[in-house]
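Okay, here's what each chain looks like letter by letter:
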Amino acid sequence: MSETQTVKEPTPPAKESQGSQVIREIMAGNAVISVLAVVVALVIGGILIAVTDPRVTAAAGYFFADPAATLSAIWSSVSEAYGALWRGATYDPTARTWQGQLGIFETLTFATPLILSGLAVTLAFRAGLFNIGAQGQIILGATFAGAVGFGMHLPPAIHLPAVILAGAIGGAIWGGIAGFLKARTGAHEVIVTIMLNYIAISLVLYLLKNQLKDPNSTNPISPQMDGNAVFPLLLGPNFRVHAGLIVAILAVIGVAWLLNRSTLGFEYRAIGANPKAARTAGMLVSRGYITVMLISGALAGLAGVAQIAGTEKSLDSEIAGSIGFDAITVALLGRSKPWGTFFAALLFGAFKAGGTSMAVNADVSIDIVAVVQSLIVLFIAAPPLIRSIFRIKAARREGASA
Amino acid sequence: MEEPLKNHITGTFKRGATVGTVALGAMALLLTGCGQAPAPAGGGGSTSGNAAAANYLGCIVSDSGGFDDQSFNQSSYEGLKKTVADTGIKMKEAQSTTKADFEPNLNQMANAGCNLTFTVGFLLADATKKVATADPKLHFAIIDDNSIKLPNVKPIVYDTAQAAFLAGYTAASVSKTGKVGTFGGINIPTVTIFMDGFAEGVAYYNKQQSKNVQVLGWNVGTQQGLFANTFDIIQEGTKATNNLIGEGADVVMPVAGPLGKGAGDAILAANKGGKDVKLVWVDSDGYLTAPTYKSILLTSVIKTMGDAVETIVKDDLAGKYSATPYVGTLDNGGVAMAPFHDLDSAVSADTKSQLDTIKKGIIDGSIKVESKSSPK
């Protein structure tokens, strides 16, 4: 079907529709493919763990004399590593204290900002935009939230909501810039958001050396958040899991409602499916781009709030860690669906919580977790990418022969 | 058409990648798989160390520099590895990539029941304090920080100014232009303590020898000077060094971790252009850790983290752990000035004997090296 179309219409498709085509194809896959991608990535990760384990390489040195030794070395190497990963992320009976045994709450702690920033990417995806700028939006959100959180002293009932609002505004501004430029000038959002990431990190460093610096510290680090400005801990002082998780779950429900039940969400999906058709149908595509990036940025800004008011309590240049980039993977793995993103973020939170346990208890570098995460992206993103590459080639060949 | 094609490509790609990786891994393993199987291990004979050591867990958590930073993370880590080899204790390690990793990593160490955990760098102070407070039975030792007052946290700090004093004296004695320079990464105490000692060593030389060698890049009185404002961007080290050379310095001491390489490159280039500039390395003996700059390396101001780590583990094993700060000095060998190696002939015999006298004077207290950043 598509071949006949390209023959009839030799003009190359606009860049915009090619990009949204990739998004559509990524979303077209079902949950089974996501699960398979994770499984295959874990298998390859297991091979890497085995190959880099000195016990396995030692046993492989006499493989032909005693093959069983190699196999059992591989088994113990991989099972120890993934066992530690699983226990660290869920329940670890070998930990010394009962608090330490319940790794599941660390998983939830790590997942909180990933849920919010993953939603940011998901929402923009659905409107056909690649928001690569979650990183910068998180930083701006955390900076705004921090300025309110440690720069002001407000009563308890007001301070935390003010911090949350400030963070959302900070992220929305940063996302909105990209949306505005896309709508008004056609500037590609991928490039704009990537550049805004760099500007955000330089901006926060500048502020941390000047206006936002802790006067008692020689390092570029902000003062501690006011006691009223932080998320309350959900399970007492023994666990880091905080009320930001509730905000994140509410955001999942909110985005699900927005996308599936509201007029605005219908517009976004229509724009994402085919911006030209949406325009023909009378939708304001440029307004859609701006508002979706505002909301997307606000969600990423909330992830920044979860960081600064939840776990970190003070602002530094590493406040966003790699969350903004992991968010892209989370959104891809979640097939750009709000609840899919939620579960993908839980999985990545588990990787993060379990990865530390794996590094400490099984002597496997935490880098293996990064490899597994990257492989997941590869397996999810590669088939449609390859397909679109093939189609371009096929179209050219046919065009040449015609 | 569309679905089958997609499935086909998806399938081929996945299968291809998986099979390829499996094959690669298997080949790597089997390439050398023709050796002899070892004889089944006999009972006993392997545990030569005492049982206490075998059950003792020494752990280490890096700051965001990682264990391969050619600086304090690395030397502490190597110190612990050496301790493992020497005493037969077990060890666990965790690298942090950002500040957010500190607390989870330390919690994992506590979960694993580490008897003693080394936390490297003042950046880990908050996390160390929190985890140590939560679990008073576990012992901790924090490197380069003296802010925690807890019975189960031992600060490990270095009076680096003492060794830098010797380096400053040496630098002043070899300077032909009458100007020596230094610059730092960031204006923080662990950096400026080097610069204080260096500048005071130069001042001491001027007083003793009635000379007027100037120090560029650092003012002890105002505690201000030349800073690259980074520990990451090596080119900033080149820039700062070029500035110092341009102003006439012919000995340069960079106190900025990896930026030392940038300084070395700048000096090598300047010397090609006819200058005669020398380099003073810090933290480790640059002759061993940065051999590229052997030909210009006058000396190094060393912090011997590894020895401190080993001493503290052994004390703890023997039940003699205390939270009294370990302060590395010239006296206990915690800080030292490295040999002159290839540039030995550049330092006169007179200077060498004077340096011996000064070292004795610092140890017995007759020569005072005072830095605002010195551990109290």
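All values reported here derive from a predicted model rather than from experimental measurement.

Calculation notes
Residues numbered from 1 in each chain as written. Chains lettered and ligands numbered in written order. Predicted model: local features only at pLDDT ≥ 70, side-chain atom pairs only at ≥ 80, totals over all residues. Helix = DSSP H or I, 4+ residues; strand = E, 2+ residues; numbered from the N terminus. Buried ≥ 20, exposed ≤ 12 C-beta atoms within 10 Å, placed from the backbone. Contact = placed C-beta atoms within 7 Å. Pairing = 2+ DSSP bridges. Axes fitted to C-alpha atoms, helices over the stretch in contact; angles between N-to-C directions. Right-handed = clockwise from strand over helix to strand, strands pointing away. UniProt positions renumbered as here; feature names shortened; annotations may be inferred. Domains from an automatic or database assignment. Nonpolar A, V, L, I, M, F, W, Y, C, P; charged D, E, K, R; others polar. Parallel < 35°, antiparallel > 145°, perpendicular 65-115°, else oblique. Left-handed = near helix turned anticlockwise from the far one by under 90°. Core = buried A, V, L, I, M, F, W, Y, C linked by C-beta atoms within 7 Å. pLDDT = per-residue confidence, 0-100.

Trainee: What should I look at first to understand the overall build of chain B in this one?
Mentor: Helix and strand content of chain B: twelve helices and 14 strands. Evaluated residue by residue, chain B yields a buried proportion of 49% over its 376 residues. Long-range contacts, defined as pairs at least 24 residues apart, comprise 70% of the intrachain contacts of chain B with a sequence gap of at least 6.

Trainee: Can you walk me through the overall build of chain A in this structure?
Mentor: In terms of helices and strands, chain A carries 17 helices and zero strands. Here chain A, with 402 residues, has 52% of them falling under the buried criterion. Intrachain contacts of chain A at a sequence separation of at least 6 include 77% that bridge at least 24 residues.

Trainee: Which parts of the structure should I look at to understand the environment of Asp53(A)?
Mentor: All names here are of chain A. Note that aspartate 53 resides in the loop between α3 (31-52) and α4 (54-60). We classify aspartate 53 as buried; it has 22 C-beta atoms within 10 Å. Sequence separation of aspartate 53 and glycine 186 is 133 residues, and the distance between their C-alpha atoms is 51 Å.

Trainee: Just checking my understanding: could you explain the sheet that holds strand β11 (residues 278-283) of chain B for this structure?
Mentor: Backbone hydrogen bonds are what pair the strands of a sheet, in a parallel or an antiparallel way. All names here are of chain B. Ordered in space as β7-β6-β10-β11-β12-β14, the six strands form an open sheet in which the pairing is mixed. Each edge of the open sheet carries a strand with a single partner, namely β7 (214-216) and β14 (335-337). Each neighbouring strand pair of the sheet contributes to a mean axis angle of 15°, computed without reference to strand direction. Sheet topology places strand β6 (residues 179-184) next to β7; three bridges connect them, and they run parallel. Paired with glycine 181 across the two strands is leucine 216, which belongs to β7. Packing against the sheet, helix α6 (residues 161-174) makes contact with β6, β10 (251-255), β11, β12 (297-303) and β14, and its axis sits at approximately 170° to β12.

Trainee: Would you take a moment to explain the sheet that holds strand β4 (residues 139-143) of chain B for this structure?
Mentor: All names here are of chain B. Pairing in this open sheet of six strands is parallel, and the strands run β2-β1-β3-β4-β5-β13 from one edge to the other. Two strands close off the open sheet at either side, each with one partner strand: β2 (90-94) and β13 (326-328). Adjacent strand axes in the sheet meet at a mean angle of 15° when their direction is disregarded. Taken together, the four bridges between strand β1 (residues 57-61) and strand β3 (residues 116-120) define a ladder with parallel strand orientation. Of the residues in β3, the one forming a bridge with valine 61 is threonine 119.

Trainee: Please explain the pairing of β10(B) as it appears in this structure.
Mentor: When a strand is regular, its side chains alternate between the sheet's two faces. Residue and element names in this part refer to chain B. Most of β10 is tucked away: five of the five residues are buried. Burial of the side chains of β10 extends over both faces: Val251, Met253 and Val255 are buried on one face and Val252 and Pro254 on the other. The pairing of β6 with β10 spans four bridges and is classified as parallel. Bridge pairing in β10 places glycine 181 opposite valine 252. Handedness of the crossover joining β10 and β11 through helix α9 (residues 259-272): right-handed.

Trainee: It is not clear to me how the UniProt feature "domain: ABC transporter substrate-binding protein PnrA-like" (unreviewed entry) in chain B should be interpreted in this structure. Could you clarify?
Mentor: As recorded in UniProt, the feature "domain: ABC transporter substrate-binding protein PnrA-like" (unreviewed entry) lies at residues 61-365 of chain B. Here residues 61-365 of chain B runs as 43% helix and 19% strand, with 35 Å between its end C-alpha atoms.

Trainee: Please explain the domain arrangement of chain B as it appears in this structure.
Mentor: Bring the parts together and some accessible area is lost; that lost area is often taken as the interface size. Residues and elements named next belong to chain B. Per the domain assignment, the segments making up chain B are domain 1 (51-158) and domain 2 (161-303 + 333-364). On a C-alpha basis, the centres of domain 1 and domain 2 stand 31 Å from each other. Domain 1 puts eight residues into the contact, and the matching count from domain 2 is nine residues. In terms of residue class, the side of domain 1 that touches domain 2 is made up of three nonpolar, three polar and two charged.

Trainee: Would you take a moment to explain the packing of helix α7 (residues 104-126) of chain A against helix α8 (residues 134-151) of chain A for this structure?
Mentor: Two measures define how a pair of helices packs: the angle their axes make with one another and the distance between the axes. Residues and elements named next belong to chain A. Running from N to C, α7 and α8 cross one another at 130°; their axes reach a closest spacing of 10 Å. Considered as vectors, α7 and α8 are oriented oblique to each other. Along this stretch, α7 crosses α8, giving a crossing that reads as right-handed. Across from Ser117, Ala120 and Val121 in α7, the residues of α8 making contact are Ala134, Gln137 and Ile138. Of the residues in the contact of α7 with α8, the class split is four nonpolar, two polar and no charged.

Trainee: Where do I start with the environment of Gly146(A) in this structure?
Mentor: Residues and elements named next belong to chain A. Positionally, glycine 146 belongs in helix α8. Classification of glycine 146 as buried rests on a count of 33 C-beta atoms within 10 Å. Distance from glycine 146 to proline 223, taken between C-alpha atoms, is 9.0 Å for residues 77 residues apart in sequence. Setting aside residues up to four positions removed in sequence, glycine 146 forms contacts with Leu212, Ser222, Ile308 and Leu315.

Trainee: Hey, could you run me through the environment of Gly45(A) in this one?
Mentor: All names here are of chain A. Its place among the elements puts glycine 45 in helix α3. Residue glycine 45 is classed as buried on the basis of its C-beta count, with 23 C-beta atoms lying within 10 Å. The spatial distance from the C-alpha of glycine 45 to the C-alpha of valine 371 is 7.0 Å, given a sequence separation of 326 residues. When near neighbours in sequence (up to four residues on either side) are disregarded, glycine 45 contacts Ile368, Val371 and Val372.

Trainee: Looking at this structure, how should I read the nonpolar core?
Mentor: Nonpolar side chains in soluble globular proteins tend to end up buried together. In this structure, Leu116(A), Ala120(A), Leu299(A), Leu302(A), Ala167(B) and Leu279(B) are the most contacted members of the largest nonpolar core, which totals 227 residues. With 15 residues, the top contributor of residues to this core is helix α14 (residues 285-312) of chain A. Discounting chain neighbours no more than four positions away, the residues touching Leu302(A) are Leu116(A), Gly141(A), Ile164(A), Gly167(A), Ala168(A), Gly171(A), Val247(A) and Ala251(A).

Trainee: Looking at this structure, how should I read the packing of α6(B) against helix α7 (residues 189-209) of chain B?
Mentor: Residue and element names in this part refer to chain B. It is the contact of α6 with α7, at a shortest axis distance of 6 Å, that shows an interaxial angle of 45°. Relative to α7, α6 is oriented oblique. Note that α6 runs across α7; the crossing there is right-handed. Contact with α6, carried on its side by Ala161, Gln162, Ala163, Ala164, Phe165, Leu166, Ala167, Gly168, Tyr169, Ala171, Ala172 and Ser173, involves Ile193, Phe194, Asp196, Gly197, Phe198, Ala199, Glu200, Gly201, Val202, Tyr204, Tyr205 and Asn206 of α7 and no other residues of that element. Here the residues of the contact of α6 with α7 sort into 16 nonpolar, six polar and two charged.

Trainee: Sorry if this is basic, but what is going on with unusual backbone geometry here?
Mentor: Outside of glycine, negative phi angles account for most residues, and trans bonds account for most peptide bonds. Phi at Asp363(A) takes a positive value of approximately 60°, unusual for a residue other than glycine. As for its position among the elements, Asp363(A) is in the loop between α16 (338-361) and α17 (367-401). For His341(B), which is not glycine, the phi torsion reads 50° and is therefore positive. When you line up the elements, His341(B) lands in the loop between β14 and α12 (349-364).

Trainee: Quick question: what am I supposed to make of the confidence of the model for chain A here?
Mentor: Reading predicted coordinates in detail is not appropriate for stretches of low pLDDT. Residues and elements named next belong to chain A. When pLDDT is averaged across chain A, the result is 87; 87% of the residues are at 70 or more. Confidence scores differ between elements of chain A, with helix α1 (residues 2-8) showing the lowest mean pLDDT of 43 and helix α11 (residues 244-261) the highest of 97. In this model residues 1-16 is a low-confidence stretch, pLDDT under 50, and it forms eleven contacts with partners more than four residues away in sequence or in other chains. Confidence drops under pLDDT 50 across residues 389-402; counting only partners more than four residues distant or on other chains, this segment forms eight contacts.

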